[in-house]
Structures are given as structure tokens and as C-alpha cells.
Amino acid sequence: MREQLKDGHGRLIGDVRISVTDRCNFRCQYCMPADGLPWLEREEILTFEEIARLVGLLASMGVHDVRLTGGEPLVRRDFPRLVEMLAAIPAVHDLSITTNGYLLERDAAALVAAGANRFNVSIDSLQRDRFFEMTRRDALPRVLRGLEALAAFPQAHPIKVNAVALRGFTEQEAIPFAEFARSHPYEVRFIEFMPLDADHAWSRDQVLTGDEVRAAIDAVYPLEPEPREPSATARVYRFADGRGRIGFINPVSEPFCGDCNRIRVTADGNLRTCLFSAGETSLRDPLRAGAGDDELARVIRDAVWRKELKHQVNDPGFVQPARTMSAIGG
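Residues numbered from 1 in each chain as written. Predicted model: local features only at pLDDT ≥ 70, side-chain atom pairs only at ≥ 80, totals over all residues. Heavy atoms only, no water.

Student: Tell me about the packing of aromatic side chains, and name the residues and values.
Tutor: Given two aromatic rings, one states the distance between the centres and the angle between the planes to describe the pair. This model, assessed by the stated rule, comprises seven aromatic pairs. Between the aromatic rings of phenylalanine 180 and tyrosine 186, the centroid separation amounts to 5.5 Å while the plane-to-plane angle is 35°, which identifies the pairing as tilted. For phenylalanine 180, a relative accessible area of 10% gives the class buried. Overall, the relative accessible area of 5% leaves tyrosine 186 in the buried class. Grouping aromatic residues by their ring pairs yields a cluster made of Phe177, Phe190, Tyr237 and Phe248. Across from the ring centre of phenylalanine 169, 4.0 Å away, lies the NZ or CZ of arginine 130, which sits over that ring. The lysine or arginine in question, arginine 142, covers the ring of tyrosine 102, its NZ or CZ lying 3.8 Å from the ring centre. (Phe/Tyr/Trp six-rings, centres within 6.5 Å; stacked < 30°, edge-to-face > 60°. Buried < 20%, exposed > 50% of the residue type's maximum accessible area, 1.4 Å probe, protein only. Lys NZ or Arg CZ within 6 Å of the ring centre and 35° of its normal.)

Below you can see the structure in the form of C-alpha cells.
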């Protein structure tokens, strides 16, 4: 094992989010234009073997938690094989997947068998017409069937359902989602809308804050806070009557940068030390140029040492990253 990876602010890095593709079968309004984006060429994207090598190296540096994202990771051909490769790395302690759920009905069994042990499924509305309005896909029944297929596996729990909170849209979703969390074995989490949309049309007044959603739910179904775990993104509440939990991820109104332990690798192999980084460090180029593990580790350490203290979304002059969420990896 190598020395623990840490940044210049003393934060220990233990979590990596890896995008396995920039492609997606949805066109969510807060992420992509209706006609999609120009996709990366196949040869630009890291191979499974390259991803496994990076994950093994990062795990040897104390980065034990791995989340696979996209785009939509399940559209990557033979994706369960990658999961199996990463699950076989002894120092990977937690292997999770973020998905829109569209292909879960097909893949849930294979992904659980391959070794994925946690899942986040993105669902922005529980009403079919409003789901279509947000995602531009009439897919809610299929996504809910996929969620049920996944829930049949005890080893896949806890399953989290993520909803992006948009002003003018999510107010109507708060109570139905609370009731969903109370009647199903899922933890619903509301995520504040972040400036990562393809149209660069984000504005603060579109952000429905976690506090506003929580207050609306608490008025109907009283909530009690649970302790926040170190480096956790979500502030979690349990329903006072014991029927389920609900979470709020508030990167705009309550940034959690102070103890951030995360880094990201894009589908084309660039290391990002913050979701909102202005710059990136290529890991693909040294990988393909024949760099040894020590050299790669040095490139990673140098980049992570410069990790931003905070994301600056709330600062004057904030500039939205050129890449969108689908290209960065959720």
C-alpha cells in the first residue's frame, strides 16, 4: 500500500467518481439539450483495463470508495464486466453505481452478481407526464420496474432515489416523494440544481433549496435530523414515526466543501479535483504513453495537492465549467 492520498488543505481523499461514458439515453432539462451533445469517440474513452488499473492504483493510495457514473453507465457495452473487474480489487471496499434506471430491469441481476453493492437511481418526478417533461423520455413505468427488480436483491440495499430540486417544478413532488420514501425501502434524496447544465442557463433563482423542500415535508410528515457522517454529501432526516428516511444534498445553499474527500475521473480519463474545476489533469495520456505506477501516482498526487478549497459557486465572478454534468460524471 502507498501513502494516503491527500490534498494541500489536509483533506484525506477516499472517494473517486468514475464516468464510464458521456452518452445517455435521457435528455434531462438540467443536463442536456433536447438533441443531445457531441459524444466522445470510442478510442477517446478509457478501456475497462485502463479504468481497473487506475482504480487499483487509487485504492492502494487509500481511495477505497468507487462510484461508477456516466452519462448513463448502463449504456456502456458489457458494463457488468467492468463492475466485476473492479469488485475483484481487494482494496476497493465500496463499489456503487449512479443510474437513471432505464436499463435496470435488464441489468440489475448481473450488476449485483458482479459485485456492485450500492445504487443511486435518478428519478425527478413520480408523475408520468412530469417525468416526461423533465427527462424528455416517457420512461417512468420502466424506471420504476427497474427499481423494483433491483430492490429484490437484499445485497443491493440501501438504494437511494435522487431527485434534482428545481424551483417551479419540485414543489409539487416533495410530498409524493416523501410518501414514496415512507412506503418503499428507498431513501429519497433531493439535490439542489447546480450550474452544470448544457445550456449554461443556470441561475440562483432556479435553485429550490433543501431547507425549503424539508420544511414542506416536515409540515406534513415531521422529520428528525440524523448525525451527519464525516465527508457525507447528504443531510439525512428520519421520519419521526420511524417510517423511512429522506436526505437533502445542498451544494449551493449549504456547501460541504470543508471535508470533501472526493475526486473525479471523466470518461476520457481526465482527473478533476472538484465538480466545478476549471482545469483537468489527463491520466489517459501518461497511461497510454507507458507510464509506470509510480509515475502515475506522482501525477495524481500533484493534481490532488492543488484541489480547490471550495467550489466558489456562491462567489462573485463564478464561471461555470465548460463541461456539463453528463461529460464530467455525476
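Student: Report on helix H4 (residues 128–135), specifying residues and quantitative values.
Tutor: Of the residues making up H4, those classed as buried are Arg130, Phe131, Met134 and Thr135. Mapping the buried residues of H4 onto a view down its axis gives an arc of 120°, with all of them on the same face. Residues of H4 that are buried sit in contact with helix H5 (140–151). Where H4 terminates, the next one or two residues include arginine 136, which has phi positive at roughly 60°. (Helix = DSSP H or I, 4+ residues; strand = E, 2+ residues; numbered from the N terminus. Arc of directions from axis to C-beta. Contact = heavy atoms within 4.5 Å.)

Student: Tell me about the packing of helix H1 (residues 48–60) against helix H2 (residues 79–87), residues and numbers included.
Tutor: A pair of packed helices is characterised by two quantities: the angle between their axes and the separation of those axes. Where H1 contacts H2, the axes come no closer than 10 Å and their chain directions differ by 25°. Taken together, H1 and H2 sit at an angle that is classed as roughly parallel. Between H1 and H2 lies a crossing whose hand is right-handed. Listed contacts from H2 to Phe48, Glu49, Ile51, Ala52 and Val55 of H1 are Phe79, Arg81, Leu82, Met85 and Leu86. Residue composition of the contact of H1 with H2, grouped by class: eight nonpolar, no polar and two charged. (Axes fitted to C-alpha atoms, helices over the stretch in contact; angles between N-to-C directions. Parallel < 35°, antiparallel > 145°, perpendicular 65-115°, else oblique. Left-handed = near helix turned anticlockwise from the far one by under 90°. Nonpolar A, V, L, I, M, F, W, Y, C, P; charged D, E, K, R; others polar.)

Student: Requested: an account of the nonpolar core, with residues and values cited.
Tutor: Counting 88 residues, the largest nonpolar core has Leu68, Leu86, Ile217 and Ile246 as its most contacted members. For this core, the element with the most residues is H1, which contributes eight residues. Listed in part, the twelve residues of the second largest apolar core include Val236, Val252, Phe256 and Ile328. (Core = buried A, V, L, I, M, F, W, Y, C linked by side-chain atoms within 4.5 Å.)

Student: Can you lay out the environment of arginine 238 for me, pointing to particular residues and giving the numbers?
Tutor: Position of arginine 238 among the secondary structure elements: in strand E8 (residues 234–239). Under the relative-accessibility criterion, arginine 238 is labelled partly exposed at 32%. Arginine 238 sits 222 residues away from valine 16 along the chain, and the two C-alpha atoms are 28 Å apart.

Student: Give me the lowdown on the sheet that holds strand E5 (residues 159–165), citing residues and values where you can.
Tutor: Within a sheet, neighbouring strands are paired by backbone hydrogen bonds and run either parallel or antiparallel to one another. Within the open sheet, the twelve strands sit side by side as E7-E8-E9-E6-E5-E4-E3-E2-E1-E10-E11-E12. Their pairing is mixed. On the outer flanks of this sheet lie strand E7 (223–225) and strand E12 (281–282), each paired with one strand and no other. Pairing of E7 with E8, which is carried by three bridges, proceeds in the antiparallel orientation. The partner of glutamate 224 across the bridge, within E8, is arginine 238. Running at roughly 160° to strand E9 (residues 245–249), helix H7 (residues 210–220) makes contact with E5, strand E6 (186–192), E7, E8 and E9 of the sheet. (Pairing = 2+ DSSP bridges.)

Student: Before we move on, could you go through the pattern of salt bridges and cite the residues and values that matter?
Tutor: Here the structure, examined in full by the defined rule, presents 22 salt bridges. Across the pair arginine 2 and aspartate 294 runs a salt bridge whose closest N-O atoms are separated by 3.0 Å. With arginine 2 in the segment before strand E1 (15–19) and aspartate 294 in helix H9 (residues 293–305), this pair connects stretches of sequence that are 292 residues apart. In the salt-bridge network here, residues are joined through shared partners; they are Glu187, Glu224, Glu226, Arg238 and Arg245. (Salt bridge = Lys/Arg side-chain N within 4 Å of Asp/Glu carboxyl O.)

Student: Please set out the state of the cysteines residue by residue, giving values where relevant.
Tutor: Tallied over the full model, the rule gives zero disulfides. With no disulfide partner, cysteine 28 has as its closest neighbouring cysteine sulfur the one in cysteine 24, 6.3 Å distant. Overall, the relative accessible area of 12% leaves cysteine 28 in the buried class. Left without a disulfide partner, cysteine 274 is nearest to the cysteine sulfur of cysteine 257, which lies 6.4 Å away. (Disulfide = S-S within 2.5 Å.)

Student: Describe H2, and please don't skip the residues or the numbers.
Tutor: Considered for burial, the residues of H2 that qualify are Phe79, Leu82, Val83 and Leu86. Buried positions in H2, seen along its axis, are confined to an arc of 100° and lie on one side of it.

Student: Before we move on, can you summarise the packing of H1 against H9 with the specific residues and values?
Tutor: For the pair H1 and H9, interaxial distance at closest approach is 11 Å and the crossing angle is 70°. Considered as vectors, H1 and H9 are oriented roughly perpendicular to each other. Packed against H1, whose contacting residues are Arg53, Leu57 and Leu58, the element H9 presents Asp293, Leu296, Ala297 and Ile300 at the interface.

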